[in-house]
Structure formats: structure tokens, C-alpha cells
Amino acid sequence: MQLILEKITIPSQLPRIARPRLLAILESSLESCACTVISGRAGSGKSALASDFARTCERPVAWYKVDASDGELRVFFDYLVTSIRRQRPGFNEAAIMPLAGAAKFDDIPLLAETFVYELLRGEAKPLLIAIEDLHLVCDTEWLVPFLGRFLPLVPREVHVLITSRTLPPAPLWRMRSKQTLEVLDEAALAFTREEAVGLFETYGLSGEHARLAFDRTNGRAAALANYAITLSKSQIEIAKAPANISRPGRHNKTGTHRLVVPIG
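Residues numbered from 1 in each chain as written. Predicted model: local features only at pLDDT ≥ 70, side-chain atom pairs only at ≥ 80, totals over all residues. Heavy atoms only, no water.

Asker: Just to check I follow, could you spell out the sheet that holds strand 5 (residues 181-184) for this structure?
Answerer: By definition, the strands of a sheet pair up through backbone hydrogen bonds, in either a parallel or an antiparallel sense. The sheet built from 5 strands is open, its strands ordered 2-3-4-1-5 with parallel pairing. Taken across any chain shown, the strands that pair with only one partner, and hence form the sheet edges, are strand 2 (61-65) and strand 5. Strand-to-strand twist in this sheet, taken as the mean axis angle between neighbours without regard to direction, amounts to 15°. Both strand 2 and strand 3 (residues 127-132) contribute to a ladder of 5 bridges, which runs parallel. For Tyr-64, the partnering residue across the bridge sits in strand 3 and is Ile-131. The sheet contacts of helix 3 (residues 73-87) involve strand 2 and strand 3, and relative to strand 2 the element is tilted by about 155°. (Pairing = 2+ DSSP bridges. Helix = DSSP H or I, 4+ residues; strand = E, 2+ residues; numbered from the N terminus. Axes fitted to C-alpha atoms, helices over the stretch in contact; angles between N-to-C directions. Contact = heavy atoms within 4.5 Å.)

Structure, rendered in C-alpha cells:
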């Protein structure tokens, strides 16, 4: 099978603004936990945070962006193993792929154990395995038994970072109780008022605009960005319009111009 290399490459687009508060949580989890899950609906900022951390964590990263078509076990492992081999050339594909290609439901724990063994057997250098959009394969029958066996056995020098719109349907409560799993949910991902001001400053917009947008969007990343983009474009259009031409928008009772910005 010919792989799409873009799916195993860290996205090149930089976020508009860094999130030191969240990056610090991820860094702490990297050092103390086996796995971090970033969970939230579309537009909550999961991917931007994960890719920013992957670029700044100062360790090799095996990145894999899951697609809905990756629900077949062999396809999933083709991408995952290839991504790891790009960082660890000695990772033994031959030991894993035959199992992934022929595995029955009862064989999944053995596949997970073999996967862990190959991570242990290889270079003992730190590695971040980042799996983006795992929710797209959450309805597969193999995911729960694989994660349930794999995540508790993750080697000390390896960390697994998962982004998903929902929490993976695996029994992760035990890992959370043992403090080997960190979860960043939608509430944690939301921008603070100060972060919103910083974001709006990158668009040349005022703190007043940022605070208004924050109150209307509850700090949701995509909605804040859409608000800032729309407002920035509107201000550019107003600035370009001749002074004697009525500018678009609504007017209040005193006749002064009031810009109306839709919320995404």
C-alpha cells in the first residue's frame, strides 16, 4: 500500500499564538505520564496545540494523522509503524505487520505486547508518538483491546499524545487514578481572557475587541479566530473606503456607525 506521507508529517502551519499555559501542562505530562489525551469538539484547538507541542518538545516525534479510511487494523499499523521507523530506523516492522495483517480479535493483546517489545528493544532514546484525530477509528472493534493493553505498558522513554473529539473508548480510568494519564479537555483548551487579548493583538485589534469576542465565544479557539479575522477584514475595508461614501454596517439611534461581526 502506498502511504500518504502528509499523514505522518507534523503540520507545517504555525498557530497564530503560542499557548504557554497549555504547553507547560503537556511538558509536565511528557515527563511524568505515559499518555496525554487532548479531547474536544471540532474548533477547540486540539490540533494546533498538539502540532505546536510536537515542534517544541525537543524530542523525536512520530506523527500520525488518522483518517476515517484507516479503520482497518493493517492500514492503521502501516502508518503508525512507518512513522515510528522514520525516527527509529531499527524499529522491527517485520515483527509487527504480519500480526496486524492477520490478527483476530483475541490476538490484539499479543499485537500490543509485540509493539511494546519492539519499542523497548530499539533505541532507548525519548520518543513522542502523536496520534491525531483518533476519534475517526473509535468504532473499530480492535481499538479498545489494543489501547487497553498498549497504553499501560508504554516504555518510560516513550510518550503517547492523542487528539480526539471524544475520549478514546478504552478503560483509561485506572491510568488516571495512577496519574500516568493526563487529559486536557475542552474547558482547559478554551482561551483565557488574557490569551484572547494576545490573539487579537496579532491581528492589530484592541483588547476591547478581544474581551467582547471572548464574552461572546466563551474562549472557543475557532470562534475567536473567526471573529478576529472578520473584524480585521471589516476594519481594513472601512479604512479603504472614501470618507464621503457611506460604509456598510448598521447604525445606532444616534446615527453613528456600528460594525456588526458574525460569530462563527
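Structure's up, so let's keep going.
Asker: Got a minute to help me understand the packing of helix 5 (residues 108-121) against helix 6 (residues 143-150) in this structure?
Answerer: Two quantities define a packed helix pair, namely the angle between the axes and the distance from one axis to the other. Running from N to C, helix 5 and helix 6 point in directions that differ by 40°, and their axes come no closer than 8 Å. Judged by the inter-axis angle, helix 5 sits oblique to helix 6. Seen from above, helix 5 lies across helix 6 with right-handed handedness. Of the residues in helix 6, those touching helix 5 at Ile-108, Pro-109, Ala-112, Glu-113, Phe-115, Val-116 and Leu-119 are Pro-145, Phe-146, Arg-149 and Phe-150. Partitioned by chemical class, the residues of the contact of helix 5 with helix 6 number 9 nonpolar, no polar and 2 charged. (Parallel < 35°, antiparallel > 145°, perpendicular 65-115°, else oblique. Left-handed = near helix turned anticlockwise from the far one by under 90°. Nonpolar A, V, L, I, M, F, W, Y, C, P; charged D, E, K, R; others polar.)

Asker: Can you help me understand the layout of surface pockets in this one?
Answerer: Using a probe with the size of a water molecule, rolled over the atoms, empty space left in the structure can be pinpointed. Approximately 850 Å³ is the volume found for the largest pocket. Lining the largest pocket are 33 residues, with Pro-15, Gly-45, Ser-47, Ala-48 and Leu-49 positioned closest to its centre. Looking at the lining of the largest pocket, the elements that each hand over two or more residues are helix 2 (46-56), strand 2 and helix 11 (221-240). Considering each element in turn, the lining of the largest pocket owes the most residues, 6 residues, to helix 2. Here the lining of the largest pocket is built from residues that sort into 16 nonpolar, 7 polar and 10 charged. (1 Å grid on protein atoms, 1.4 Å probe; cavity = no way out; pocket = protein on both sides within 12 Å on 5 of 7 lines; lining within 4 Å. Points joined across faces, edges and corners; volume = space filled by probe spheres on them.)

Asker: So what exactly am I meant to see when it comes to the environment of Asp-70 here?
Answerer: Note on placement: Asp-70 falls in the loop between strand 2 and helix 3. Judged by its relative accessible area of 2%, Asp-70 falls in the buried class. For the pair Asp-70 and Leu-136, spaced 66 residues apart in sequence, the C-alpha separation works out to 8.2 Å. Beyond its immediate sequence surroundings of up to four residues, Asp-70 is in contact with Lys-7, Tyr-64, Lys-65, Val-75, Phe-76, Tyr-79, Val-137 and Trp-142. A polar atom in the side chain of Asp-70 sits 2.8 Å from the side chain of Lys-7. (Buried < 20%, exposed > 50% of the residue type's maximum accessible area, 1.4 Å probe, protein only. Polar contact = N/O pair within 3.5 Å; in protein donor to acceptor, adjacent residues only side chain to side chain.)

Asker: Before we go on, may I ask you to explain the packing of aromatic side chains in this structure?
Answerer: To describe a pair of aromatic rings, you give the distance between the ring centres and the angle between the ring planes. Going through the model one piece at a time under the given rule, you end up with 11 aromatic pairs. An angle of 85° between the planes, with centres 5.6 Å apart, marks the rings of Phe-77 and Phe-115 as edge-to-face. Of the two residues, Phe-77 is situated in helix 3 and Phe-115 in helix 5; the sequence distance between them amounts to 38 residues. Ring geometry for Phe-77 versus Phe-146: centroids 5.1 Å apart, planes at 85°, classification edge-to-face. Of the two residues, Phe-77 sits in helix 3 while Phe-146 sits in helix 6, which places them 69 residues apart along the sequence. The exposure class of Phe-77 is buried, given its relative accessible area of 0%. Classification of Phe-146 as buried rests on a relative accessible area of 3%. The structure contains a cluster of three or more aromatic residues connected by ring pairs, namely Tyr-64, Phe-76, Phe-77, Tyr-79, Phe-91, Phe-115, Trp-142, Phe-146 and Phe-150. (Phe/Tyr/Trp six-rings, centres within 6.5 Å; stacked < 30°, edge-to-face > 60°.)

Asker: Sorry if this is basic, but what is going on with the confidence of the model for the protein chain here?
Answerer: A low pLDDT means the predicted coordinates there should not be read in detail. Of the residues in the protein chain, 89% have a pLDDT of 70 or more, and the chain-wide mean is 88. Low pLDDT (under 50) marks residues 247-264, which in the prediction has 29 contacts with non-local residues, meaning those over four places away or in another chain. (pLDDT = per-residue confidence, 0-100.)

Asker: In this structure, what is going on with unusual backbone geometry? I would like to understand it.
Answerer: Across residues other than glycine, the phi torsion is negative in most instances, and most of the peptide bonds are trans. For Asp-133, which is not glycine, the phi dihedral falls at a positive 65°. Positionally, Asp-133 belongs in the loop between strand 3 and helix 6. Within the chain, Gln-179 stands out as a residue other than glycine whose phi angle is a positive 60°. In this fold, Gln-179 is placed in the loop between helix 7 (173-177) and strand 5.

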